[in-house]
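Below, each chain spelled out in residue letters.
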Amino acid sequence: MRFPDYFKDGRKPIISFEIFPPKTDKAMEILLDELPQLVALHPDYITVTYGAMGSTRERTLEIASLIKNRYGMETACHLTCVGASRTELDEILKRILSAGIQNIVALRGDPPRGEETFIPPPDGYSYANELVDHIRRFERQMGRERIGIAVAGYPEKHPEAPNIEVDIANLKRKVESGSDIIITQLFFDNAFFFSFVKRVRAVGITVPIIPGLMPILSAKQIQRITSMCGSSIPPDLQRELDAAADDDEKANEIGIRQCIRQAQELIRWGAPGIHFYVLNKSTCIRQIMEALRR
Ligand code: FAD
């Protein structure tokens with residue numbers, strides 16, 4: 001099934017999980033143990049991120065293929081513009097499609113660590129909208145069925161964008177290039193999402209916008225992640241996390257409560273689904289899914 005098919009009738013919120021390809025063999029073993037447990041929670045699909053460079057890239061396809069072909073669950077490979085020429089992108093796309101994967105989360109990718117700006121690779125692309133164009137051209141040239149394409153949206157704006165208006169104008173390019181859905185960056189205050197959806201709709205974007213939520217695992221971990229991606233932590237939540245600075249179990253409990261609260265409000269509000277950044281672990285998301293099903 002392709003992304004847009006999930007959101008056609010809007011009968012129920014579509015739940016997706018996002019996992020990442022581990023860097024080490026040990027972490028890969030752990031993920032392989034966790035995968036059946038994640039699948040058993042019955043998300044509608046699982047997406048697999050694409051590493052900045054190197055070996056984890058091979059693992060994206062390996063893991064996505066396993067989800068699709070061993071567990072029979074729908075999946076999507078993330079794909080970025082980092083380090084790939086147009087010819088290399090075609091090769092990757094061919095491999096993704098040969099594995100039976102019908103969905104791609106198309107991204108630009110981050111600049112390498114320590115660099116401020118994104119430098120496009122030789123004969124590659126500078127922005128995600130160009131990658132979306134490339135995928136649509138590729139499927140036409142290959143005479144393939146339409147691939148499901150998701151792109152990223154930023155309720156608190158992308159860190160490099162001068163303001164939210166410019167960022168949403170750039171988001172519109174990605175949709176006009178042919179993306180089917182928008183998955184958002186994580187956020188901890190639903191007000192950002194509600195106002196983002198309003199602004200996005202005001203510029204004429206009509207595709208489904210799926211909020212992205214991340215359960216907090218520890219105070220340190222979430223500090224590191226939010227400082228990289230630019231999402232903010234509301235003062236009340238920050239105070240709770242400060243009090244659990246050295247107690248991961250407590251921070252985790254706070255994170256699960258926060259995630260359930262946000263997800264319930266988003267679903268009541270009418271969000272078409274929730275994309276959970278599950279960080280390759282089934283324990284937190286199991287509790288969250290149980291609470292949502294109740
Ligand atoms: P773009 O949409 O290209 O935007 C990047 C910046 O350029 C923005 O500031 C935007 O306003 C501006 N811009 C966009 N288009 C234009 C244009 N045509 N002209 C001028 N300016 C423009 N990273 C990974 O490495 N691997 C992953 O698997 C991965 N998965 C992710 C999944 C989700 C749901 C999200 C939200 C992020 C993910 N990321 C991933 C992180 C992402 O790669 C970074 O946030 C990256 O910095 C921007 O990617 P993008 O696709 O949003 O870029």
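Structure: above.
For every chain, the first residue of its written sequence is number 1, and the numbers climb from 1 along that sequence. With the structure being a predicted model, the display of local features is reserved for residues of pLDDT at least 70 and the display and counting of side-chain atom pairs for 80 or more, all residues being used for whole-chain, interface and lining totals. For the side-chain quantities, the full set of heavy atoms in the structure was used; hydrogens and water were omitted.

> Describe the sheet that holds strand β2 (residues 45-48), listing the residues and the values that go with them.
As summarised here, the arrangement of the 8 strands in space is β1-β2-β3-β4-β5-β6-β7-β8, forming a closed barrel in which the pairing is parallel. Averaged over all adjacent pairs, the angle separating strand axes in this sheet is 25°, with direction ignored. The criterion for strand pairing is that DSSP finds at least two bridges linking the strands in question. A run of DSSP states H or I qualifies as a helix once it reaches four residues; a run of E qualifies as a strand once it reaches two. Both are numbered from the N-terminal end. As defined by bridge partners, strand β3 (residues 74-80) adjoins strand β4 (residues 103-107) across 4 bridges and the pair is classed as parallel. Its bridge partner being in β4, C77 is matched across the sheet by I104. Note on method: axes are straight lines fitted to C-alpha atoms, helices fitted across the in-contact stretch only, with angles between N-to-C directions ranging 0 to 180 degrees.

> Help me get a handle on the nonpolar core, residues and values and all.
By nonpolar core is meant a set of buried Ala, Val, Leu, Ile, Met, Phe, Trp, Tyr and Cys residues that side-chain atoms within 4.5 Å join together. In this scheme, a residue with accessible area under 20% of its type's maximum is buried, one over 50% is exposed, and one in between is partly exposed, where area comes from a 1.4 Å probe on protein chains only. Ranked by size, the top nonpolar core spans 69 residues in total, and within it F17, I19, F276 and I285 carry the most contacts. It only takes one pair of heavy atoms within 4.5 Å for two residues to be counted as in contact. With near-sequence residues (within four places) excluded, F17 lies in contact with L38, L41, P43, Y45, I46, T47, H275, F276, V278, I285 and M289. Counting residues in hydrophobic clusters, the runner-up holds 30 residues, among them A76, V105, L241 and A251.

> Can you break down helix α7 (residues 190-202) residue by residue, with the values?
Helix span is expected to be 1.5 Å times the residue number reduced by one. Here α7 contains 13 residues, and its C-alpha end-to-end distance of 19 Å stays within 8% of the 18 Å for a straight helix at 1.5 Å per residue. By the burial criterion, the buried members of α7 are N190, F193, F196, V197 and V200. In a view along the axis of α7, the buried residues occupy a sector of 115°, so they form one face of it. Exposed side of α7, more than 90 degrees from the buried face: K198 and A202 are the residues found there. If you follow the buried residues of α7, they end up packed against β5 (148-153), α6 (164-176), β6 (181-186), β7 (209-213) and α10 (248-269). Sitting at the head of α7, D189 places a side-chain oxygen 3.0 Å from the backbone nitrogen of A191. Backbone geometry just after α7 places G204 at a positive phi near 90°. Note that the arc is computed from the directions linking the helix axis to the C-beta atoms. In protein, a polar contact means a hydrogen-donor-capable atom and an acceptor-capable atom, both N or O and within 3.5 Å, with residues adjacent in sequence counting only if both atoms are side-chain atoms; elsewhere, any N or O pair within 3.5 Å suffices.

> Describe the packing of helix α4 (residues 86-98) against helix α5 (residues 128-141), and please don't skip the residues or the numbers.
Contact geometry for α4 and α5: axes closest at 11 Å, N-to-C directions at 60°. By the criterion of interaxial angle, the relationship of α4 to α5 is oblique. The hand of the α4/α5 crossing is right-handed. Listed contacts from α5 to R86, L89, D90, L93, K94 and L97 of α4 are L131, H134, I135 and F138. Orientation is classified from the angle alone, with under 35 degrees giving roughly parallel, over 145 giving roughly antiparallel, 65 to 115 giving roughly perpendicular, and any other angle giving oblique. Two helices crossing with the near one rotated counterclockwise from the far one by less than a right angle form a left-handed crossing, whereas a clockwise rotation gives a right-handed crossing.

> Lay out empty space enclosed by the protein with the relevant residues and their values.
Computed over the protein atoms alone on a 1 Å grid, cavities are sets of points where a 1.4 Å probe fits but cannot get out and pockets are open sets with protein on both sides within 12 Å along at least five of seven lines; a residue lines them when it has an atom within 4 Å of a point. Grid points are joined across faces, edges and corners, and a volume is the space filled by probe spheres set on the points. If you walk through the whole model with that rule in mind, you get 1 cavity of 30 Å³ or more. Of the voids in this model, the largest cavity is the one considered here, and its volume is about 40 Å³. Lys, Arg, Asp and Glu make up the charged group, whereas Ala, Val, Leu, Ile, Met, Phe, Trp, Tyr, Cys and Pro make up the nonpolar group; the residues left over, Gly among them, are polar. Across the lining of the largest cavity, the residue classes break down as 4 nonpolar, 3 polar and 2 charged.

> Give me the lowdown on the pairing of strand β1 (residues 14-19), citing residues and values where you can.
Taken across its 6 residues, β1 has 6 buried, putting it largely inside the fold. Residues I14, S16 and E18 of β1 are buried on one face, and the alternating residues I15, F17 and I19, pointing to the opposite face, are buried as well. Where β1 and strand β8 (residues 273-277) come together, 5 bridges link them in parallel fashion. In the strand pairing of β8, I15 is matched with I274.

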